[in-house]
Amino acid sequence: MAAIKEACGLFGISSAHKEPIGFACHYGLYALQHRGQEGCGIALNTEGELSVHKDLGLVNEVFPRALSVDEEHTRMAIAHTRYGTSGERSRENVQPLLFRHHMGSMAIAHNGNLTNDAALRCRFEKEGCLFHTTSDTEVIAYLICKHRLATGDIHKAIELAMDELEGAYSLLIMTSSLLIAVRDPNGFRPLCLGKLDDGYVFASESCALDAVGAVFVRDLQPGELCIVDKADQSLTSSLVHCNAIKSSLCVFELIYFARPDSVIDTISVHQARIRSGSFLALEHPCQADVVIGVPDSGIDAAIGYSRQSGIPYGIGFIKNKYIGRTFIQPKAGDRESGVRIKLNPIASTVRGKRVVLIDDSIVRGTTSKRIVRLLREAGAKEVHLRSSAPPFLHPCYYGTDIDSRKDLFACKYDHQQMMDILDVDSLGFLLPEQVVKLSDHQGIGFCSACFTGVYPTAVPKGASNA
Ligand SMILES: O=P(O)(O)OC[C@H]1O[C@H](OP(=O)(O)OP(=O)(O)O)[C@H](O)[C@@H]1O
Ligand SMILES: NC(=O)CC[C@H](N)C(=O)O
Ligand code: SF4
Ligand SMILES: [Mg+2]
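For clarity, every value in this text was computed on a predicted model and none was experimentally measured.

How each quantity is defined
Residues numbered from 1 in each chain as written. Chains lettered and ligands numbered in written order. Predicted model: local features only at pLDDT ≥ 70, side-chain atom pairs only at ≥ 80, totals over all residues. Pairing = 2+ DSSP bridges. Helix = DSSP H or I, 4+ residues; strand = E, 2+ residues; numbered from the N terminus. Axes fitted to C-alpha atoms, helices over the stretch in contact; angles between N-to-C directions. Near = placed C-beta within 6 Å. Nonpolar A, V, L, I, M, F, W, Y, C, P; charged D, E, K, R; others polar. UniProt positions renumbered as here; feature names shortened; annotations may be inferred. Parallel < 35°, antiparallel > 145°, perpendicular 65-115°, else oblique. Left-handed = near helix turned anticlockwise from the far one by under 90°. Contact = placed C-beta atoms within 7 Å. Expected span 1.5 Å × (residues − 1). Buried ≥ 20, exposed ≤ 12 C-beta atoms within 10 Å, placed from the backbone. Domains from an automatic or database assignment. Right-handed = clockwise from strand over helix to strand, strands pointing away. pLDDT = per-residue confidence, 0-100. Core = buried A, V, L, I, M, F, W, Y, C linked by C-beta atoms within 7 Å.

(A) Representation of the sheet that holds strand E13 (residues 234–238) within the structure. With antiparallel pairing, the six strands of this open sheet are ordered in space as E5-E6-E7-E8-E12-E13. Bordering the open sheet on either side are strand E5 (97–101) and E13, each of which pairs with just one other strand. Within this sheet the neighbouring strands show an average axis-to-axis angle of 20 degrees, counted without direction. Two strands pair when backbone bridges link them, and E5 and strand E6 (residues 104–111) are joined in this way by five bridges, in the antiparallel orientation. When the bridges of E6 are listed, Phe99 appears paired with Met106.

(B) Region of interest: the site of ligand 3. In the neighbourhood of ligand 3, the contacting residues comprise Phe188, Cys250, Val251, Phe252, Cys396, Tyr398, Thr400, Cys447, Ser448, Ala449 and Cys450. For the shell around ligand 3, the secondary structure elements donating two or more residues are helix H7 (251–257) and helix H16 (449–452). Taken together, the residues of the shell around ligand 3 sort by class into nine nonpolar, two polar and no charged.

(C) Region of interest: the UniProt feature "domain: Glutamine amidotransferase type-2" (unreviewed entry) in the protein chain. The UniProt feature table records "domain: Glutamine amidotransferase type-2" (unreviewed entry) at residues 8–231. Counting secondary structure, residues 8–231 comes out at 26% helix and 34% strand; the distance between its end C-alpha atoms is 29 Å.

(D) Highlighting the packing of helix H3 (residues 117–126) against helix H4 (residues 136–151). Relative to each other, H3 and H4 sit at 55 degrees, their axes nearing to 10 Å. Judged by the angle between their axes, H3 and H4 are oblique. Once H3 is placed against H4, the crossing between them reads as left-handed. The segment H3 lies against H4, with Asp117, Leu120, Arg121 and Phe124 engaging Asp136, Val139, Tyr142 and Leu143.

(E) Seen up close, helix H12 (residues 366–377). The end-to-end C-alpha separation of H12 is 17 Å, in line with the 16 Å expected for twelve residues at 1.5 Å each. The complete set of buried residues in H12 reads Thr366, Thr367, Ser368, Ile371, Val372 and Leu375. Within two residues after H12, Gly379 carries a phi angle of roughly 105 degrees, on the positive side.

(F) The arrangement of the domain arrangement of the protein chain in detail. Domain assignment breaks the protein chain into domain 1 (9–245) and domain 2 (267–446). Of note, the centres of domain 1 and domain 2, computed from C-alpha atoms alone, are 33 Å apart. Listed by partner, the interface residues are eleven residues for domain 1 and seven residues for domain 2. Of the residues that constitute the side of domain 1 that touches domain 2, the class distribution is three nonpolar, seven polar and one charged.

(G) Representation of the sheet that holds strand E21 (residues 382–387) in the model. Ordered in space as E17-E20-E21-E22, the four strands form an open sheet in which the pairing is parallel. Each having just a single partner strand, strand E17 (290–293) and strand E22 (426–429) make up the two edges of the open sheet. Taken over all neighbouring pairs, the strand axes of this sheet differ in orientation by 20 degrees on average, direction set aside. In this structure, strand E20 (residues 354–359) lies alongside E21, joined through six bridges in parallel fashion. Bridge pairing links Asp359 to Ser387 in E21.

(H) Geometry of the pairing of E20. Most of E20 is tucked away: five of the six residues are buried. The handedness of the E20 to E21 crossover, carried by H12, is right-handed.

(I) Structural context of the confidence of the model for the protein chain. Summary statistics for the protein chain give a mean pLDDT of 91 and a share of 93% for residues scoring 70 or more. Predicted complex, confidence summary: ipTM 0.96, pTM 0.94.

(J) Looking closely at the packing of helix H8 (residues 269–283) against helix H9 (residues 299–309). Two elements in contact, H8 and H9, have axes separated by 6 Å at closest approach and are oriented at 45 degrees. The orientation of H8 relative to H9 falls into the category oblique. The two elements H8 and H9 meet at a crossing, and its hand is right-handed. Facing H8, whose interface residues are His270, Arg273, Ile274, Arg275, Ser276, Gly277, Ser278, Leu280, Ala281 and Leu282, H9 presents Asp300, Ala301, Ala302, Ile303, Gly304, Tyr305, Arg307, Gln308 and Ser309.

(K) A look at the nonpolar core. Of all hydrophobic cores here, the largest spans 138 residues; its most connected members are Ala77, Ile140, Val251, Val291, Val355 and Leu357. With seven residues, the single largest contributor to this core is H4. Counting only domains with at least three residues in this core, you end up with domain 1 (9–245) and domain 2 (267–446). Setting aside chain neighbours within four positions, we find Val355 in contact with Ala288, Val290, Ile292, Gly316, Val350, Leu375, Ala380, Glu382, Val383 and His384.

(L) How the structure looks around the environment of Ala203. Looking at the secondary structure, you find Ala203 in strand E10 (residues 199–203). According to the C-beta neighbour criterion, Ala203 is buried, with 30 such atoms within 10 Å. Between the C-alpha atom of Ala203 and that of Gly28, which follows or precedes it by 175 residues, the distance is 8.0 Å. Excluding anything up to four places from it in sequence, Ala203 contacts Leu10, Phe11, Gly28, Cys192, Gly194, Ala208 and Leu209.

Structural data, given as structure tokens:
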């Protein structure tokens, strides 16, 4: 079974002298663990010398303690938690990637997925480039280095690379003297800026700024390039790629990926999920005694459903805190057992009751099928399932690895078949037109292509969204 994978986490810091860089990276990585659990790494800048420490595994496995760092001389770093969306799960593909070239060194960390990766890789290989990884991130690095050698200017080089890159990329790049943050012109993946007393932090989500005590400044705009100079901690920003841009934030960031305590593009993830629950209550009402959410990411929408419908909210499941996200287990067997040991119902909440069960999404149906059975075994009289995402019908090319329709529940079965398989009394999904209303902030556009089939950019050559 193809694994459905998710986003990666980016963290970068530059501090003149105060912030302990080793601890900050440690805390930043922990705050972003939910975005990537395959591997993680930290690249350090020690007096202009770059080094990288990375491996497969969770943050507490790769870095059981904060990395021991020469704090006096190491004042800049970037860090990454990975779920591979391009290239396999291997140590070489774990980021940050470090490159040494004719004019110096560069470390890079990437969240997202290119749509023209294959074409660029093929072109560069014909030019004689020898790639060391199978990830699209190396293609980005090669392109930047190529332009850097030609122009002698990293800022110009990144701009030229952005002209050629297609798809989703939030990037952190570190050179001997600069920390650079880049967001692709569609702004598919989040990236925000925080301020320290004597420097700056960049992170995929604001929860990582909170973790290191940085003050949130703002989100990077789609197409923006920000540079922090180590010499004087000055920040410059260039918006040349922001014109003629249609912002297309991945709406699944709000529905599932991000932590509810994060604020992305001015949208509180928690509030967006509450709102999805109230949309569901209006669109798919039912007569019931209690509303429960599937931990973790179904909880906020359940609260929204309860508030809108007036049906009391209850705690229906307890989640084992020490199990990772089941979504991403590579084999079907692992995934089924992962669900079994992960969630346990509280019988007193559901026994003899008509239950509204809210989850954020139904992808393969594994979680829903299992938890409905658990609720029935615990004595629930009726189970009305609501999903705060619309049905997944199309592949994602921007960093969520939904590359095959054959495993998607809503592609395989019609509504009645889904109800029968899941053994529910009723089933309702958020409407595709409602996902773009999860925020009432003006000027923020969304990608919802996996639900609608309407892609904000050209899809990879030869790809089919059918
Ligand atoms: O239909 P499925 O293929 O089972 O996938 C859908 C489930 O996967 C995710 O949960 P997961 O347990 O991975 O993560 P969470 O604990 O953050 O909700 C998602 O929140 C759904 O519950
Ligand atoms: N999930 C991601 O953002 C993955 C980043 C990059 N495409 C990789 O495969 O490593
Ligand atoms: S296709 Fe879906 S998962 Fe992919 S970026 Fe768009 S909304 Fe997100
Ligand atoms: Mg879940």
